[in-house]
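Residue-level listing of the chains:
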Amino acid sequence: MELTLVDLSVARGGVPVLAGVSLSLAPGQALVLRGPNGSGKTTLLRTIAGLQPALSGQVTGAEDRIAYAGHADGLKAMLSVRENLTFWAAVFGMRDVEQAMQAFALLPLADRLAGTLSAGQKRRLGLARLLVTGRPIWVLDEPTVSLDADAVALFAGAVRAHLAAGGMALIATHIDLGLDAAVLDVTPYRVALNGVGFGSSDEAFL
Amino acid sequence: MKALLVRDLRLALRAGGGFGLGLAFFLIVVVLVPFSVGPQPELLGRIAAGVLWLAALLACLLSLDRILALDFEDGTLDVLATAPLPLEAALSVKALAHWLTTGVPLVVAAPVLAVLLNLPVAGYGGLVLSLALGTPALSVIGTFGAALTVGIKRGGLLLSLLVLPLYVPTLIFGAEAARRSAEGLDATTPMLMLAGISAGVLALMPFASAAVLRVNLR
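Residues numbered from 1 in each chain as written. Chains lettered and ligands numbered in written order. Predicted model: local features only at pLDDT ≥ 70, side-chain atom pairs only at ≥ 80, totals over all residues. Heavy atoms only, no water.

Student: Can you walk me through the interface of chain B and chain A in this structure?
Tutor: Reports often express the size of an interface as the amount of accessible area lost when the parts come together. With 27 residues of chain B at the interface, the matching set in chain A holds 28 residues. Interface area lost by chain B to chain A is led by Val79, Thr82 and Arg218 of chain B, which between them contribute 28%. Summed over the shared surface of chain B and chain A, the number is five salt bridges. With its nearest N and O atoms 3.5 Å apart, the salt bridge here joins Glu83 of chain A to Arg10 of chain B. (Contact = heavy atoms within 4.5 Å. Buried area = accessible area lost by both parts, 1.4 Å probe. Salt bridge = Lys/Arg side-chain N within 4 Å of Asp/Glu carboxyl O.)

Student: I keep staring at the UniProt feature "transmembrane region" (unreviewed entry) in chain B and nothing clicks. Help me out?
Tutor: Per the UniProt record, "transmembrane region" (unreviewed entry) is annotated on residues 12-37, 43-64, 96-117, 123-150, 157-178 and 190-213 of chain B. The span residues 157-178 of chain B shows a helical share of 100% and a strand share of 0%, and its end C-alpha atoms are spaced 29 Å apart. (UniProt positions renumbered as here; feature names shortened; annotations may be inferred. Helix = DSSP H or I, 4+ residues; strand = E, 2+ residues; numbered from the N terminus.)

Student: Quick question: what am I supposed to make of the sheet that holds strand β7 (residues 168-172) of chain A here?
Tutor: As a general point, the strands of a sheet are linked pairwise by backbone hydrogen bonds and lie either parallel or antiparallel. Residues and elements named next belong to chain A. Judged by pairing direction, the sheet is parallel, and its five strands sit side by side in the order β5-β6-β7-β3-β8 without closing on themselves. For this open sheet the edge positions go to β5 (66-69) and β8 (182-185), each flanked by a neighbour on one side alone. In this sheet, adjacent strand axes meet at a mean angle of 15° when their direction is disregarded. Across five bridges, the pairing between strand β6 (residues 137-141) and β7 is parallel. (Pairing = 2+ DSSP bridges. Axes fitted to C-alpha atoms, helices over the stretch in contact; angles between N-to-C directions.)

Student: What is the right way to look at the packing of aromatic side chains in this model?
Tutor: What characterises a pair of aromatic rings is the spacing of the ring centres plus the angle enclosed by the ring planes. Across all of its chains, the model carries two aromatic pairs over all chains by this definition. Note on Phe87 of chain A and Trp88 of chain A: the rings are 4.7 Å apart at their centroids and 55° apart in plane angle, and the pair reads as tilted. When sorted by exposure, Phe87 of chain A lands in the same class as Trp88 of chain A, which is buried. Between Trp88 of chain A and Phe92 of chain A, the ring centres sit 6.5 Å apart and the planes meet at 50°, which makes this aromatic pair tilted. When sorted by exposure, Trp88 of chain A lands in the same class as Phe92 of chain A, which is buried. The positively charged end of Arg129 of chain A is found above the aromatic ring belonging to Trp88 of chain A, 5.9 Å away from the centroid. Seen from the ring of Phe87 of chain A, Arg7 of chain B lies directly overhead, with NZ or CZ sitting 4.6 Å from the centre. (Phe/Tyr/Trp six-rings, centres within 6.5 Å; stacked < 30°, edge-to-face > 60°. Buried < 20%, exposed > 50% of the residue type's maximum accessible area, 1.4 Å probe, protein only. Lys NZ or Arg CZ within 6 Å of the ring centre and 35° of its normal.)

Student: Honestly, the packing of helix α3 (residues 41-62) of chain B against helix α8 (residues 156-182) of chain B in this entry has me stumped. Any pointers?
Tutor: Residue and element names in this part refer to chain B. Direction vectors running N to C along α3 and α8 enclose 150°, while the axes themselves pass 9 Å from each other. Of the possible angle classes, the one that applies to α3 and α8 is roughly antiparallel. The handedness of the crossing between α3 and α8 comes out as right-handed. Along the contact surface, α3 presents Ala49, Gly50, Trp53, Leu54, Leu57, Cys60 and Leu61, while α8 presents Ser160, Val163, Leu164, Tyr167, Thr170, Leu171, Gly174, Ala175, Ala178 and Arg179. The class makeup of the residues in the contact of α3 with α8 is twelve nonpolar, four polar and one charged. (Parallel < 35°, antiparallel > 145°, perpendicular 65-115°, else oblique. Left-handed = near helix turned anticlockwise from the far one by under 90°. Nonpolar A, V, L, I, M, F, W, Y, C, P; charged D, E, K, R; others polar.)

Student: I tried to follow the environment of Phe35 of chain B on my own but got confused; where do I start?
Tutor: Along the chain, Phe35 of chain B falls in helix α2 (residues 21-37). Linking Phe35 of chain B and Arg7 of chain B, residues 28 residues apart in sequence, is a C-alpha distance of 40 Å.

Here it is as structure tokens:
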């Protein structure tokens, strides 16, 4: 089933950042989001992942099918690599973590505490989490931060395998991953702050 | 759900997890009371039930901000919110893990510390039963407070201010049940009220906690 955005507008902290975004993503396709810092890529991805409501418009085909990886990896420093992955696999109703560890070359680190890993190794573990969710749509926010060239290649390989298996990927990134993917620049959808009224703010504590 | 419970318990027991912190605080407060009140066994015996309940409540309060703050910082809550497990269930499990690591040790330690306060013999059963019935409510209400303040840096003090008023009914009936049984009176009514409070917040609070957490994750 396709992921479709229809005329989606998103806001951060009550301020609209992107308006009128429409796109659709079919199984096997990937889409790379580009745009300068602060252009609303993260907000758009969080809205698609269901972490925040859209200002207007709608997202269809996303319910319970998204694996979201943001700037933080969701790792516990005092758990080993294997324990971290096993936990997330169990939460998403999956079992096999060996394959995910293999895909991101984590097997030699399996029994190390996540707190003792380097930044790049942590990121690899965070990305390996995507494989154990078994979810078809990957929504990734700057997935290659602190990865070296080899790890980026591992990651691109994992995305390709995911797409080949009928998955979808929505990736916000500044580097070229070498994927055969469409590129969407979000700049034309930016809301110019002057002239547009602020949205209603319902943040609990601003 | 089991995986989340096991993970939370494991994290609490590992270095920096804070297991035993509440228990140590409970011990220190109870030991300090005779110093401040003075060596009057008869007076201590009269206030023992109330002091133990207040100390248990404060010990519980101490560890509340650990329930969600760490998971918020490292992005775990974002992933949990997109997981198939409903947020209400996840928060109930986290409250259960908090009760197992904080509430249960307090219940077990209370009769030992009651000796230091010269609690009348008749009161031990009532004290343990009232704490066992009341501490789950403290954990569940505390989880709500933690969800409410999760995005705030160093929100521990605000959390205490928000949660303490919500603890009042539990404290009143819990301490009353323990006091009545220590004086050899019938404690059925406050005990039932306490059980009712716990059952009520167990059923309703997870929905409130999940609702405010969703707002805070935006």
